[in-house]
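What follows is each chain in one-letter form.
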Amino acid sequence: MELQFDALVVGSGLAGLRAALEIPEGLKVGLVSKVFPTRSHSGAAQGGIGAALSNEEPDSWEWHMYDTVKGGDYLTDQDAAETLAMDAARAVYELEHMGVPFNRTAEGKIAQRAFGGHTRNYGEGPVKRSCYAADRTGRVVLDTLFGKALEKKIHIFSEVYMIDLIIEKGHAAGIVTYDLATGAVEIVRARAVLIATGGFGRVYKTNSNCFSNTGDGVYLCFRNGTPLEDMEFVQFHPTGIYPLGVLVSEAARGEGGILKNGLGYRFMPDYAPTLKDLAPRDVVSRAIDTEIRQGRGVNGRDYVHLDLTGLGADKIEEKLSDISSFARIYLGVDSATEPIPVTPTCHYMMGGIPTDLNGRVLDKHGKPIIGLYAAGEAACVSVHGANRLGTNSLLDLVVFGRRAGISIAHDEKNLHLSDISRDIVNELTSKINAIKRSKGPKPASLRARIRQIMTDCCSVFRNNDDMEKGLEQILSIKEQYRSVSIDNKADKFNTDLLDAIELESLLGLAEVILVSAIARTESRGAHYREDYPQRDDHNWLKHTMVTAGSDGLEISFKPVKITKFEPKARTF
Amino acid sequence: MKIILRVFRFDPSVDEAPYYRNYSVQAEPYERVLDCLNRIKWEQDGTLAYRMSCAHGVCGSDAMKINGRCALACQKLVRDCEADLILVEPLPSFTVLKDLIVDLNPFFDKVNFVHPFLYAGTPPEKERLQSPEERKKMGESIRCILCACCTAACPVVNENENFLGPAPLVQAFRRIFDSRDTQKIERLDQLDVEDGVWACLNHYECTRVCPKEIPVTKYINTIKREIKKILGPSPE
């Protein structure tokens, strides 16, 4: 049976849910997710959502905008940063009104705490801007928006995977789904398609991402001719629990935690004299990796210590209880009395599908693709530039998710349903059958190699030679992938098959990351080139765009929008 | 170390009856049971089906029965299993769809039944005020990740499929004790029925298995007391 919708939202994290809630009652909305919606990875966000509410101390949206631009090392489009910061207070109040159980100040207002890179008066010192619900802010916002989606009776299709995206003659026509429970391949036509499928941190070996974060929506846009923007900017969060990579929120440092090297020395003041442990993530991750490379990891190993022992057990229990339970469960460490071993972990993708401020996906000429929208980590507005600040991702999701929903409502009069030929179903079914018949390598072995290669050549520190070698290896795995094989030939809940299909996304995105990172011969934000250690505004104050052309990948560039803040040296 | 995972296998459309298969896995004591399952699926037997996503106890996907007890596979470590044989089975009380995957639709229907969203009037311009003391009344209920461990482990649910079950009651608790919600009486009234809150017999299994350490039974009893206080004595 062929389904059709006025608007189809792919991905059920905060961006997808928030967009779906914004689409008016009269339109038929479908929400497709490869997991049950409350399993989405937005739920793993811990520390909070940024907004200059001034509930704890004076703050202003202009300072927030400035921090976002400087945190992004001036690659941030400043109209996007302005939209984000100006809309932040409204967005947070709206979440409170929907029911998010924020922590509270003594007067009953939303409580706020300090976070990396967020400052008062244009960089003077840390400011309390992060609105939080203990250390499970993402989870309770996800639950709240999901409750709203239930209240609004939105059609939700759980455990349904988008196996292809259909763009016909320059406009979105729908998607093809693979139903995990039955193995059925179906066309779903829609007048508008919103991609909100999240990031792809799973491209790296050590990461904080869930298994589902394989970037399918981003890759399918790319495969269908959409450019990808700023893909070289990969955020490594400084404090992943060693060796798992599970995140310890910046909130731990916002509440007073400090980083120490193997000598027990607090090293961050040497790297960032003003913000110290609360410098932006790229700065702190480089500092940690520098300490480790220079032999000052703990016991000579590749990790340092995050020390929360100064906080006291009560504060940890009240504000950081999930984090302390992770340390206890996975390491047997009592964070109130012992330091937590941490190391940088791949966390977030600044790059993605280029959109305007209203979620409309842009082609390589900067023109909107009719009926195609993107929001959240899958999209690149670009509001995070070369490095995202903590608490700006949840904000991005609800601010730009809502704007994408508004766009769909606004545009729908001019959007129409297109026919999609059944040939695509036959073609995808043949592709699935070919994987089932194949005798080649297994997805797990190829995936492990991709993740090792990316970790080795394109992490916190990068250089041309290693990345060129890495790219060569990725291309050779791409060849081997053509004969990928699986054990499971069944139709029902065949996650073996899903692994194989997702691997195509990971491979394609790994290649784009490398091509973008090799091209950018400067260091900016999260992209640090050992062979080009300086930022080079003269040549590189521009966005990287990579498009799949007929002769391989094509690189082009797009200017950065600069409005209020001229680029200057970035010190913290 | 080498351990054996004894795993429940069943494909209702093919197999006449469920069976168990033993897998030998090399695992470190600090690794998760989920790591062992992944090793089986990725290296030995790709036909094994189970759900998983975040792998650190936040998303709630990988609830299953491990050595007879409902738990998250990503939160149970090899060293905590106390034996070199780990028995892995699907959550009880639900219909098995394949291997360790169960049909959770009846569970989510019951969660939806309690209206897990806030009812409140026209909001002020800024946030609604809520004192830290009022906020604390929701307690640990905001930690619930809807993994269904509590409901699956509940002996009453096991015998009475009409019982609402612990997780929906935790969801109801969260809204009943949210000072911002305006439907407290309606919510209490909805639960004041035989298969609502009164079916709970204080077995405390829900509390024992909850991977987020929510005092589930205590919260159910708090709802019972609130019903008596606000709605008067129960019809029973």
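Residues numbered from 1 in each chain as written. Chains lettered and ligands numbered in written order. Predicted model: local features only at pLDDT ≥ 70, side-chain atom pairs only at ≥ 80, totals over all residues.

## Some thoughts on the overall build of chain B
The following threshold applies: Numbering goes from the N terminus for both helices and strands, where a helix is a DSSP run of H or I of at least four residues and a strand is a run of E of at least two. Whether a residue is buried, exposed or partly exposed follows from its count of other C-beta atoms within 10 Å of its own C-beta, namely 20 or more, 12 or fewer, or something in between, respectively; the C-beta atoms are built from the backbone. Residues are scored as being in contact if the C-beta atoms we place from backbone atoms lie within 7 Å.
A tally of helices and strands in chain B yields nine helices and seven strands. For the C-alpha atoms alone, the extent of chain B along its principal axes is close to 55 × 40 × 30 Å. Considering chain B as a whole, with its 236 residues, one finds that 51% of them fall into the buried category. Residue pairs at least 24 apart in sequence account for 66% of intrachain contacts in chain B once pairs closer than 6 positions are excluded.

## Overview of the overall build of chain A
The cut-off we apply is this: Radius of gyration: C-alpha atoms only; globule rule: 2.2 Å multiplied by the number of residues to the exponent 0.38.
Within chain A, the regular secondary structure consists of 16 helices and 20 strands. Expected size for 572 residues packed as a compact globule is a radius of gyration near 25 Å; at 22 Å, chain A falls within 12% of this value. Each of the three principal axes of chain A carries a C-alpha extent, and together these read 65 × 50 × 50 Å. Taken across its 572 residues, chain A has 62% of its residues classed as buried. Put simply, 76% of the contacts in chain A that link residues at least 6 apart link residues at least 24 apart.

## Topic: the packing of helix α14 (residues 464-481) of chain A against helix α15 (residues 495-519) of chain A
All names here are of chain A. Test applied: Think of each axis as a best-fit line through the C-alpha atoms, taken over the contacting stretch in the case of a helix, with angles from 0 to 180 degrees between the N-to-C directions. Throughout, the term roughly parallel applies to angles under 35 degrees, roughly antiparallel to angles over 145, roughly perpendicular to angles from 65 to 115, and oblique to all others. Should the near helix be turned counterclockwise from the far one by less than a right angle, the crossing is left-handed, whereas a clockwise turn marks it as right-handed.
Between α14 and α15, whose axes approach to 10 Å, the crossing angle comes to 155°. In terms of their interaxial angle, α14 and α15 are classed as roughly antiparallel. Crossing of α14 over α15 shows left-handed handedness. Only Leu 503, Glu 504, Leu 507, Ala 510, Glu 511, Leu 514, Ala 517 and Ile 518 of α15 make contact with α14, whose side of the interface consists of Asn 464, Met 467, Glu 468, Gly 470, Leu 471, Ile 474, Ile 477, Lys 478 and Tyr 481.

## Some points on the interface of chain A and chain B
Note the following rule: Each residue gets one of three labels, nonpolar for Ala, Val, Leu, Ile, Met, Phe, Trp, Tyr, Cys and Pro, charged for Asp, Glu, Lys and Arg, and polar for the others, Gly among them.
With 42 residues of chain A at the interface, the matching set in chain B holds 39 residues. For the side of chain A that touches chain B, the secondary-structure elements that each account for two or more residues are α3 (78-98), α4 (137-151), α10 (321-331) and α15 of chain A. Of the residues that constitute the side of chain A that touches chain B, the class distribution is 20 nonpolar, eleven polar and eleven charged.

## A word on the nonpolar core
The cut-off we apply is this: Joined through C-beta atoms within 7 Å, a set of buried Ala, Val, Leu, Ile, Met, Phe, Trp, Tyr and Cys residues constitutes a nonpolar core.
Of all hydrophobic cores here, the largest spans 264 residues; its most connected members are Leu 8, Val 193 and Leu 194 of chain A together with Cys 149 of chain B. Here Leu 8 of chain A is in contact with Gly 30, Val 32, Gly 174, Ile 175, Val 188, Ala 190, Ala 192 and Val 193 of chain A, once residues within four sequence places are set aside.

## Considerations on helix α6 (residues 166-176) of chain B
Residue and element names in this part refer to chain B. The element α6 is largely enclosed, with a buried count of eleven among its eleven residues. Three or more residues of α6 are buried, namely Pro 166, Ala 167, Pro 168, Leu 169, Val 170, Gln 171, Ala 172, Phe 173, Arg 174, Arg 175 and Ile 176. Tucked inside the fold, the buried residues of α6 contact α2 (105-113), α4 (149-153), α7 (184-191), α8 (205-209) and α9 (216-231).

## Observations concerning the domain arrangement of chain A
All names here are of chain A. This is how the line gets drawn: Domain delimitation follows an automatic or database domain assignment.
Examined at the domain level, chain A breaks down into domain 1 (237-341) and domain 2 (437-532). Computed from C-alpha atoms alone, the centre-to-centre distance between domain 1 and domain 2 is 29 Å. On the side of domain 2, five residues touch domain 1, which itself brings four residues to the contact. Among the residues forming the side of domain 1 that touches domain 2, the class breakdown is no nonpolar, one polar and three charged.

## Re the domain arrangement of chain B
One widely used convention gives an interface's size as the accessible area the parts lose upon coming together. Residues and elements named next belong to chain B. As assigned here, chain B comprises domain 1 (2-102) and domain 2 (105-231). Of note, the centres of domain 1 and domain 2, computed from C-alpha atoms alone, are 29 Å apart. Listed as interface residues are 14 residues of domain 1 and, on the opposing side, twelve residues of domain 2. A breakdown of the residues in the side of domain 1 that touches domain 2 according to their chemical character gives nine nonpolar, four polar and one charged.

## What to know about the pairing of strand β5 (residues 85-89) of chain B
All names here are of chain B. In plain terms, the rule: When DSSP finds at least two bridges between two strands, those strands are taken to pair.
Sheet analysis places strand β1 (residues 2-9) next to β5, joined by four bridges and oriented parallel. Of the residues in β5, the one forming a bridge with Arg 6 is Leu 87. Of the strand pairs in this sheet, strand β3 (residues 63-66) and β5 are connected by two bridges, and their pairing is antiparallel. Residue Lys 65 lies in a different strand from β5, and its bridge partner there is Glu 89.

## A short note on the packing of helix α2 (residues 61-71) of chain A against α3 of chain A
All names here are of chain A. Where α2 contacts α3, the axes come no closer than 8 Å and their chain directions differ by 140°. In terms of axis orientation, α2 runs oblique to α3. Here the hand of the crossing between α2 and α3 comes out right-handed. Only Gln 78, Ala 81, Glu 82, Leu 84, Ala 85, Met 86 and Ala 88 of α3 make contact with α2, whose side of the interface consists of Trp 61, His 64, Met 65, Thr 68 and Val 69. A breakdown of the residues in the contact of α2 with α3 according to their chemical character gives eight nonpolar, three polar and one charged.

## A look at the sheet that holds β5 of chain B
Residue and element names in this part refer to chain B. The strand order across the open sheet built from five strands is β2-β1-β5-β3-β4, with neighbouring strands paired in mixed fashion. Where the open sheet ends on each side, the last strands, each with one partner, are β2 (19-26) and β4 (69-72). Neighbour to neighbour, the strand axes of the sheet diverge by 35° on average, direction disregarded. Across the sheet, helix α1 (residues 33-44) touches β1, β2, β3 and β5, and the angle it forms with β2 is around 95°.

## A short note on the sheet that holds strand β19 (residues 542-549) of chain A
Residues and elements named next belong to chain A. In space, the three strands of this open sheet follow the order β10-β19-β20, with antiparallel pairing throughout. Edge positions in the open sheet fall to β10 (228-229) and β20 (552-559), since each of these has one partner strand only. Both β19 and β20 contribute to a ladder of eight bridges, which runs antiparallel. Bridge pairing in β20 places Met 545 opposite Ser 556.

## Focus: unusual backbone geometry
Here the bond from Tyr 242 of chain A into Pro 243 of chain A is cis, since omega is 0°, no more than 30 degrees from zero. Secondary-structure assignment places Pro 243 of chain A in the loop between β11 (234-241) and α6 (251-254). A cis geometry characterises the amide bond from Val 381 of chain A onward to Ser 382 of chain A, with omega recorded as 0°. Looking at where Ser 382 of chain A falls in the secondary structure, it is placed in the loop between β18 (379-380) and α11 (392-411). Positive phi outside glycine occurs at Phe 493 of chain A, with the angle close to 40°. Assignment of secondary structure puts Phe 493 of chain A in the loop between α14 and α15. For Phe 493 of chain A, a count of 25 C-beta atoms within 10 Å corresponds to the buried category. For Asn 67 of chain B, which is not a glycine, the phi torsion comes out positive at approximately 50°. Mapped onto the secondary structure, Asn 67 of chain B falls in the loop between β3 and β4.

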